[in-house]
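Single-letter residue listing:
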Amino acid sequence: QVQLVESGGGLVQAGGSLRVSCAASGRTLSNYVMGWFRQAPGKEREFVAAISANDGNTYYADSVKGRFTISRDNAKNTVYLQMNSLKPEDTAVYYCAAGLPTIYSLTRAGRYRYWGQGTQVTVSS
(Lines give C-alpha, C1' and ligand atoms only; values in the text may rest on other atoms or scores of the structure.)
Protein backbone atom coordinates (compact mmCIF):
# COMPACT_ATOMS: atom_id res chain seq x y z
CA GLN A 1 0.00 0.00 0.00
CA VAL A 2 1.21 3.48 -0.86
CA GLN A 3 -0.01 6.67 0.78
CA LEU A 4 0.50 9.89 -1.16
CA VAL A 5 0.24 13.37 0.32
CA GLU A 6 0.41 16.50 -1.81
CA SER A 7 1.48 19.88 -0.52
CA GLY A 8 2.53 23.27 -1.81
CA GLY A 9 -0.65 24.45 -3.46
CA GLY A 10 -1.92 27.97 -3.00
CA LEU A 11 -2.87 31.23 -4.63
CA VAL A 12 -0.56 32.84 -7.16
CA GLN A 13 -0.89 35.60 -9.72
CA ALA A 14 -0.81 34.86 -13.42
CA GLY A 15 2.76 34.60 -14.64
CA GLY A 16 3.96 33.40 -11.26
CA SER A 17 5.42 30.10 -10.16
CA LEU A 18 4.53 27.39 -7.69
CA ARG A 19 5.96 24.02 -6.78
CA VAL A 20 3.76 21.23 -5.52
CA SER A 21 5.17 18.16 -3.85
CA CYS A 22 3.96 14.62 -3.37
CA ALA A 23 5.42 12.64 -0.49
CA ALA A 24 4.90 8.91 -0.27
CA SER A 25 4.88 6.51 2.63
CA GLY A 26 4.29 2.82 2.96
CA ARG A 27 6.34 1.74 -0.01
CA THR A 28 9.14 3.15 -2.13
CA LEU A 29 8.09 5.11 -5.19
CA SER A 30 11.13 4.10 -7.18
CA ASN A 31 9.32 1.25 -8.90
CA TYR A 32 6.31 3.29 -9.95
CA VAL A 33 5.47 5.67 -12.74
CA MET A 34 4.44 8.90 -11.06
CA GLY A 35 1.88 11.19 -12.56
CA TRP A 36 0.27 14.53 -11.89
CA PHE A 37 -3.34 15.12 -12.84
CA ARG A 38 -5.63 18.08 -12.27
CA GLN A 39 -9.33 18.67 -12.05
CA ALA A 40 -11.05 22.02 -12.42
CA PRO A 41 -14.63 22.61 -11.26
CA GLY A 42 -17.12 21.07 -13.64
CA LYS A 43 -14.40 19.39 -15.69
CA GLU A 44 -12.99 15.91 -15.91
CA ARG A 45 -9.69 15.00 -14.34
CA GLU A 46 -6.93 15.53 -16.90
CA PHE A 47 -3.36 14.40 -17.29
CA VAL A 48 -0.66 16.97 -16.61
CA ALA A 49 2.70 15.18 -16.46
CA ALA A 50 4.35 11.85 -15.72
CA ILE A 51 7.82 10.55 -15.00
CA SER A 52 8.96 7.00 -15.59
CA ALA A 53 10.25 4.72 -12.86
CA ASN A 54 13.63 3.71 -14.19
CA ASP A 55 15.04 6.09 -16.77
CA GLY A 56 13.44 9.32 -15.61
CA ASN A 57 11.75 10.04 -18.92
CA THR A 58 9.14 12.75 -18.63
CA TYR A 59 5.88 13.31 -20.43
CA TYR A 60 3.66 16.39 -20.52
CA ALA A 61 0.27 17.49 -21.67
CA ASP A 62 0.53 19.97 -24.53
CA SER A 63 -1.13 22.62 -22.39
CA VAL A 64 1.74 22.65 -19.88
CA LYS A 65 4.72 21.69 -22.03
CA GLY A 66 7.52 24.19 -21.63
CA ARG A 67 6.01 25.66 -18.45
CA PHE A 68 5.81 22.71 -16.03
CA THR A 69 8.55 20.32 -14.96
CA ILE A 70 8.05 17.01 -13.18
CA SER A 71 10.88 15.51 -11.18
CA ARG A 72 11.39 12.84 -8.58
CA ASP A 73 13.74 12.27 -5.68
CA ASN A 74 13.64 8.57 -4.94
CA ALA A 75 15.85 8.99 -1.88
CA LYS A 76 13.20 11.26 -0.38
CA ASN A 77 10.32 9.25 -1.83
CA THR A 78 8.96 12.49 -3.24
CA VAL A 79 7.78 13.76 -6.60
CA TYR A 80 7.59 17.42 -7.56
CA LEU A 81 5.78 19.53 -10.10
CA GLN A 82 7.38 22.88 -10.77
CA MET A 83 4.88 25.19 -12.42
CA ASN A 84 6.07 28.38 -14.11
CA SER A 85 4.30 31.03 -16.17
CA LEU A 86 1.04 30.04 -14.56
CA LYS A 87 -2.22 30.96 -16.24
CA PRO A 88 -5.73 31.31 -14.80
CA GLU A 89 -6.71 28.19 -16.73
CA ASP A 90 -4.21 26.21 -14.65
CA THR A 91 -6.51 26.67 -11.66
CA ALA A 92 -7.51 23.23 -10.40
CA VAL A 93 -7.02 20.65 -7.71
CA TYR A 94 -3.76 18.89 -8.47
CA TYR A 95 -3.42 15.19 -7.68
CA CYS A 96 -0.37 12.97 -7.72
CA ALA A 97 -0.69 9.32 -8.58
CA ALA A 98 1.45 6.20 -8.64
CA GLY A 99 1.00 3.21 -10.86
CA LEU A 100 2.35 0.99 -13.57
CA PRO A 101 0.90 2.30 -16.82
CA THR A 102 2.59 1.57 -20.09
CA ILE A 103 4.05 4.38 -22.17
CA TYR A 104 0.85 4.25 -24.21
CA SER A 105 -1.47 4.58 -21.23
CA LEU A 106 0.29 6.92 -18.82
CA THR A 107 -2.14 9.74 -19.59
CA ARG A 108 -5.08 7.63 -18.38
CA ALA A 109 -6.07 8.14 -14.76
CA GLY A 110 -7.45 4.62 -14.56
CA ARG A 111 -3.98 3.17 -15.01
CA TYR A 112 -2.76 4.61 -11.70
CA ARG A 113 -3.43 2.65 -8.56
CA TYR A 114 -2.61 5.10 -5.78
CA TRP A 115 -3.79 8.69 -5.44
CA GLY A 116 -3.24 11.58 -3.10
CA GLN A 117 -6.00 13.74 -1.70
CA GLY A 118 -5.15 16.70 -3.91
CA THR A 119 -3.92 20.24 -3.38
CA GLN A 120 -5.65 23.37 -4.66
CA VAL A 121 -3.81 25.66 -7.05
CA THR A 122 -5.50 28.96 -7.85
CA VAL A 123 -4.10 31.38 -10.40
CA SER A 124 -5.56 34.88 -10.35
CA SER A 125 -5.64 37.08 -13.41
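The structure under discussion appears in the preceding block.
Computed from a predicted structure; not experimentally measured.

Draft legend 1. Summary view of unusual backbone geometry. The phi dihedral of Asn77 falls on the positive side, at around 55°, and the residue is not glycine. Within the fold, Asn77 resides in the loop between β7 (68-73) and β8 (78-83). Overall, the relative accessible area of 14% leaves Asn77 in the buried class. Phi angles above zero are rare outside glycine, and Ser85 is one such case at about 50°. With respect to the helices, strands and loops of the structure, Ser85 is situated in the loop between β8 and β9 (92-99). For Ser85, a relative accessible area of 41% gives the class partly exposed.

Draft legend 2. Up close: the sheet that holds strand β1 (residues 3-7). Reading across from one edge, β1-β3-β8-β7 is the order of the four strands in this open sheet, with antiparallel pairing throughout. The open sheet has two edge strands, β1 and β7, and neither has a second partner. The sheet shows a mean angle of 15° between the axes of neighbouring strands, taken without regard to direction. Bridging between β7 and β8 involves six bridges; their strand directions are antiparallel. Directly across from Ile70, in β8, lies its bridge partner Leu81.

Draft legend 3. Representation of the pattern of salt bridges within the structure. Applying the stated criterion to the full structure yields four salt bridges. Among the ionic pairs, Arg38 bridges to Glu46, the shortest N-O distance being 2.6 Å. Here Arg38 falls in the buried class, since its relative accessible area comes to 5%. In this structure, Asp90 engages Arg67 in a salt bridge whose closest nitrogen and oxygen atoms are separated by 2.8 Å. Note that Asp90 is positioned in the loop between β8 and β9 and Arg67 in the loop between β6 (58-60) and β7, a separation of 23 residues in sequence.

Cut-offs applied
- Residues numbered from 1 in each chain as written.
- Predicted model: local features only at pLDDT ≥ 70, side-chain atom pairs only at ≥ 80, totals over all residues.
- Heavy atoms only, no water.
- Helix = DSSP H or I, 4+ residues; strand = E, 2+ residues; numbered from the N terminus.
- Buried < 20%, exposed > 50% of the residue type's maximum accessible area, 1.4 Å probe, protein only.
- Pairing = 2+ DSSP bridges.
- Axes fitted to C-alpha atoms, helices over the stretch in contact; angles between N-to-C directions.
- Salt bridge = Lys/Arg side-chain N within 4 Å of Asp/Glu carboxyl O.

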